[in-house]
Amino acid sequence: MKSLPNILTSLRLVLALFMFLAFAAAAGAVPGLSDHLSPETQFALQRWAIYAFVVAAVTDFFDGWLARRMDAESLWGAILDPIGDKVLVCGAILGLMALGGAQPMVLLPGGLILFREFTVSALREVGAGKGIKLPVTQLAKWKTTLQMVALTMELVVGAWGAFPLLPQDPAIQGPATILAHSLFWLATLVTLVTGAQYWEQTRKALRA
């Protein structure tokens, strides 16, 4: 049972890959497959991609909680967990770009988030080689949660037509879109702040 947290983390990676491939196929980017998809199938792929993202995001909470609860924290889990988070977020942003309609408003914040994630990963890699550890801050934990919520809203807004139960009413869709964009920009701001914090930590450690 102590392997359950790592299983959930690994599942997050699998779901992230499925999500990206589903969005890519729905957008017409999978040769030999996308050309044969009906509009109904494309909508279904978008829905299942978003469902996969939500389930994967939930595992981000439970794998850490279970690891602490079961005293099953491991080096493998410590390595996989941040990788799973970054792969999921990056995959969701690329999937969001593939949706097309929402792309203009999410291009800049999405690009800034990707820039921060790759930069911090590089800082961790360089720091590890010099014995420098960059512990996850409380703000960075909230950042991940905020990213997941904002991306969920952006994905739903971007694939609004794929959900038959959502009202096709501009009076509802418009405010929902504004809310999603606002939350995504807030997540981007917090993401950049945490990136600056890690940069400053690394700079001070290298000068010590």
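Residues numbered from 1 in each chain as written. Predicted model: local features only at pLDDT ≥ 70, side-chain atom pairs only at ≥ 80, totals over all residues. Heavy atoms only, no water.

### Regarding the overall build of the chain
Here's step 1: A count of helices and strands for the chain gives six helices and zero strands.
Here's step 2: Secondary structure elements of the chain, listed N to C terminal, follow the sequence α-α-α-α-α-α.
Here's step 3: The C-alpha atoms of the chain give a radius of gyration of 18 Å, which matches the 17 Å a tight globule of 208 residues would have.
Here's step 4: The C-alpha extent of the chain, read off along each of the three principal axes, is 55 × 40 × 35 Å.
Here's step 5: Put simply, 82% of the contacts in the chain that link residues at least 6 apart link residues at least 24 apart.
Here's step 6: Taken as a whole, the chain presents about 11,300 Å² of accessible surface, with 71% of it coming from carbon and sulfur. (Helix = DSSP H or I, 4+ residues; strand = E, 2+ residues; numbered from the N terminus. Rg over C-alpha atoms; globule rule 2.2 N^0.38 Å. Contact = heavy atoms within 4.5 Å. Areas by Shrake-Rupley, 256 points an atom, 1.4 Å probe, with all protein chains shown as cover.)

### Considerations on the environment of Ala26
Here's step 1: Summarising the element assignment, Ala26 is placed in helix α1 (residues 4-26).
Here's step 2: Separated by twelve residues in the primary sequence, Ala26 and Ser38 place their C-alpha atoms 9.4 Å from one another.
Here's step 3: The residues contacting Ala26, other than those within four sequence positions of it, are Gln42, Leu45 and Gln46.

### Focus on the packing of aromatic side chains
Here's step 1: In total, this model carries two aromatic pairs according to the counting rule given.
Here's step 2: Relative to Tyr51, the ring of Trp48 has its centre 5.4 Å away and its plane inclined at 90 degrees; by these criteria the two rings are edge-to-face. Of this pair, Trp48 and Tyr51 both sit in helix α2 (residues 39-69), three residues apart, which is roughly one turn of the helix.
Here's step 3: What makes Trp48 exposed here is its relative accessible area of 53%.
Here's step 4: Each ring, one from Tyr51 and one from Phe163, has its centre 6.2 Å from the other, and the planes form 70 degrees; the classification is edge-to-face. Here Tyr51, found in helix α2, pairs with Phe163, found in the loop between α5 (138-158) and α6 (170-207); they are 112 residues apart in sequence, far enough to count as distant.
Here's step 5: Exposure remark for Tyr51: the relative accessible area of 38% places this residue in the partly exposed category.
Here's step 6: Following the ring pairs from residue to residue traces out a cluster consisting of Trp48, Tyr51 and Phe163.
Here's step 7: When the ring centre of Tyr198 is taken as reference, the NZ or CZ atom of Arg124 above it lies at 4.9 Å. (Phe/Tyr/Trp six-rings, centres within 6.5 Å; stacked < 30°, edge-to-face > 60°. Buried < 20%, exposed > 50% of the residue type's maximum accessible area, 1.4 Å probe, protein only. Lys NZ or Arg CZ within 6 Å of the ring centre and 35° of its normal.)

### What to know about the nonpolar core
Here's step 1: Met19, Phe53, Leu151 and Leu155 are the most contacted members of the largest nonpolar core, which has 34 residues in total.
Here's step 2: Elements supplying a minimum of two residues to this core: α1, α2, α3 (75-99), α4 (103-129), α5 and α6.
Here's step 3: Take this core: its biggest share by element is eight residues, from α3.
Here's step 4: Leaving out residues up to four positions away in the same chain, Phe53 has contacts with Met19, Leu88, Ala92, Met148, Leu151, Thr152 and Leu155.
Here's step 5: Grouped together as the second largest cluster of nonpolar side chains are six residues, Leu123, Ile132, Leu134 and Tyr198 included. (Core = buried A, V, L, I, M, F, W, Y, C linked by side-chain atoms within 4.5 Å.)

### Considering the confidence of the model for the chain
Here's step 1: Averaged over the chain, the pLDDT score is 86; the fraction of residues at 70 or greater is 91%.
Here's step 2: Taken element by element, the predicted model of the chain shows its lowest mean pLDDT in α3 (83) and its highest in α5 (92). (pLDDT = per-residue confidence, 0-100.)

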